[in-house]
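Summary of structural features
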Amino acid sequence: MTAENLLPVPELYAPFDQADALKLEASDLVSWDLTPRQICDLELLMNGGFYPLQGFLGQDDYNGVVDNMRLADGTLWPMPITLDVKQEFADALKKGQKIALRDQEGVILATLDVSDIYAPDKAKEAEKVFGADDIAHPAVNYLHNTAGEVYLGGKITGIQPAVHYDFRARRDSPNELRAYFRKMGWRRVVAFQTRNPLHRAHQELTFRAAKEAQANLLIHPVVGLTKPGDIDHFTRVRCYEAVLDQYPSSTTSMSLLNLAMRMAGPREAVWHGLIRKNHGCTHFIVGRDHAGPGKNSQGEDFYGPYDAQDLFREHQEEMGIEMVDFKHMVYVQERAQYEPNDEIEDRDNVTILNISGTELRRRLNEGLEIPEWFSFPTVVEELRKSRPARANQGFTVFFTGFSGSGKSTIANALMVKLMEMGGRPVTLLDGDLVRKNLSSELGFSKEHRDLNIRRIGYVASEITKNGGIAICAPIAPYATTRRAVREDVEAHGAFIEVHVATSIEECERRDRKGLYKLAREGKIKEFTGISDPYDVPENPELSVETENVDVDNCAHQVILKLESMGLIKG
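So, a few notes on the structure that sits alongside this text. (Residues numbered from 1 in each chain as written. Predicted model: local features only at pLDDT ≥ 70, side-chain atom pairs only at ≥ 80, totals over all residues. Heavy atoms only, no water.)

Quick word on the sheet that holds strand β9 (residues 252-254)
- What the 5 strands build is an open sheet, ordered β9-β8-β7-β10-β11; its pairing is parallel. Lying at the two open borders of the sheet, with one neighbouring strand each, are β9 and β11 (322-325). The average angle at which neighbouring strand axes cross in this sheet is 30°, direction not considered.
- Sheet topology places strand β10 (residues 283-286) next to β11; 4 bridges connect them, and they run parallel. Bridge pairing in β11 places F284 opposite M323.
- Running at roughly 155° to β10, helix α11 (residues 266-278) makes contact with β7 (189-194), β8 (216-221) and β10 of the sheet.
- Its contacts with the sheet place helix α12 (residues 307-319) against β10 and β11, and it is angled at close to 150° to β11. (Pairing = 2+ DSSP bridges. Helix = DSSP H or I, 4+ residues; strand = E, 2+ residues; numbered from the N terminus. Axes fitted to C-alpha atoms, helices over the stretch in contact; angles between N-to-C directions. Contact = heavy atoms within 4.5 Å.)

Okay, here's the thing in structure tokens:
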């Protein structure tokens, strides 16, 4: 370990004896309520995890990072760390003003001296940082559909750390980890980044990586924001704890990193390396398709399998942290052990076994056996607790289509059929009922319609999380909002989008309320299909036609789809 790794990393907190006075002063300031992602970023700014950043990026630093991965002074930094806010909030600010930054409970965590107020070119940021302006990438989708229109830059003064009530003994700041390494006499430390549970192959590869680097091992999982659909961090940490005793004693430690991942592939790998350097590590494991987000809109991988390793290797000397290649480990049945796949010379004479992530999810969903050669029984037990077989999980059926398409009628028929089958509570969130009971104060502007659908999605995700069945039947005209609801629900269970594909002409012919007539006369503004667009679902789980098809048949099609997905048993 170098002298630099032994020294404390600079933090952005105010001196302890000044914190109370600063908090009192900050209570009178204009304040911004931070999003979950911004809270993750602020925590790592304040504790030195994002050193050498002094706060959220001003415009010059932002432009340098986007264009060439460097701050304005030339320092390597690959990821824009920005405070995005709404236009209305930014319009009321002036440069030089100080604002308070609060968590979602209203607690003041820090103040920001606003030095820059600027509108980013989000399309350029997407192209440069993530490689494509494609909303199939979760961070690009966030950039365009969630992030505010304006960025604020300026120096941070930390008042108090973000509060965590879970796994508190496992959460270490960079300086706490550095002190631990000094106490243990660890001179070389290899960090392992993960957002997935650890199985036997991971245990073997991390053990080999530490041995190869002649280093101790830090398992450093991300417990902030990861990829939508990932297993929740509570389950993952219990899985990690179950694996820890598989390592030789006093060689391995685990600490949790409250990072909001961007899934930015090569740039993310460099970013992760710098963060681990700040935490006192000397080596970092970089895997195949490190921090890759999956497939783009054309069905191809966003990044090449070794792009992250290539970019890391290019900058590792400047970074001061060395890369260890992540080896693809497979199980050789005849030798009853894991071996690097590219080092097996007698592969024609042995049986090579491996289970992909997709296959693992299938086995969990269907309640099938997961062999001991693949994972530790304690890990499988934890996974089965949080991800029971699909027939025991909650799920959401989300109908979408024009007004008058038949969504509510089919949804009611489906609810009755599912209640007849029994086993799980069923809740119908019909568009009109929700408008009456949950969103009575909302109008029909795009903003209010989006908010109404997000409310439906929130309730559906809670029902799904608690093992129930939610049936939703709003119009839900906008693809981006439907996608956001899908992400909310899929954190807890399955989401089945059903497009009720009745034509606008047929809906107008059926119109008992006379709404289409009023819309054509201009008496109802922003009416879906007439004066406001409807984004036809591109890849719904099911599309049903209602013209000349009775309701029972349509509902039965949904039942058959649910059976084919393993969500109900016929």
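There's plenty left to go through after this.
Quick word on the packing of aromatic side chains
- For the structure shown, the criterion picks out 19 aromatic pairs.
- Here W32 and F89 contribute two aromatic rings whose centre-to-centre distance is 4.9 Å and whose plane-to-plane angle is 55°, an arrangement assigned as tilted. With W32 in strand β1 (residues 31-33) and F89 in helix α5 (residues 87-91), this pair connects stretches of sequence that are 57 residues apart. In this pair, the class of W32 matches that of F89, namely buried. (Phe/Tyr/Trp six-rings, centres within 6.5 Å; stacked < 30°, edge-to-face > 60°. Buried < 20%, exposed > 50% of the residue type's maximum accessible area, 1.4 Å probe, protein only.)

Quick word on the pairing of strand β13 (residues 337-340)
- In this structure, strand β12 (residues 329-332) lies alongside β13, joined through 4 bridges in antiparallel fashion. Residue V330 lies in a different strand from β13, and its bridge partner there is E339.
- Between β12 and β13, which pair antiparallel and follow one another directly, the connecting turn spans 4 residues, one of which, A336, has a positive phi of 50°.

So, the pairing of strand β18 (residues 494-500)
- Counting buried positions along β18 yields 7 of 7 residues, so the element is predominantly enclosed.
- Judged from the 3 bridges that link them, β18 and strand β19 (residues 542-544) form a sheet pairing that is parallel. Considered in β19, the bridge of H499 is made with S543.

Section: the sheet that holds strand β16 (residues 426-430)
- If you trace the 5 strands from one edge of the open sheet to the other, you get β16-β17-β15-β18-β19, paired in parallel fashion. Here the strands that pair on one side only, and so sit at the sheet edges, are β16 and β19. Averaged over neighbouring strand pairs, the angle between their axes works out to 20° when direction is ignored.
- Judged from the 6 bridges that link them, strand β15 (residues 395-400) and β18 form a sheet pairing that is parallel. When the sheet's bridge partners are listed, V397 is paired in β18 with I496.
- Here helix α18 (residues 479-490) sits on the sheet and contacts β15 and β18; the angle it forms with β18, its principal contact strand, is near 150°.

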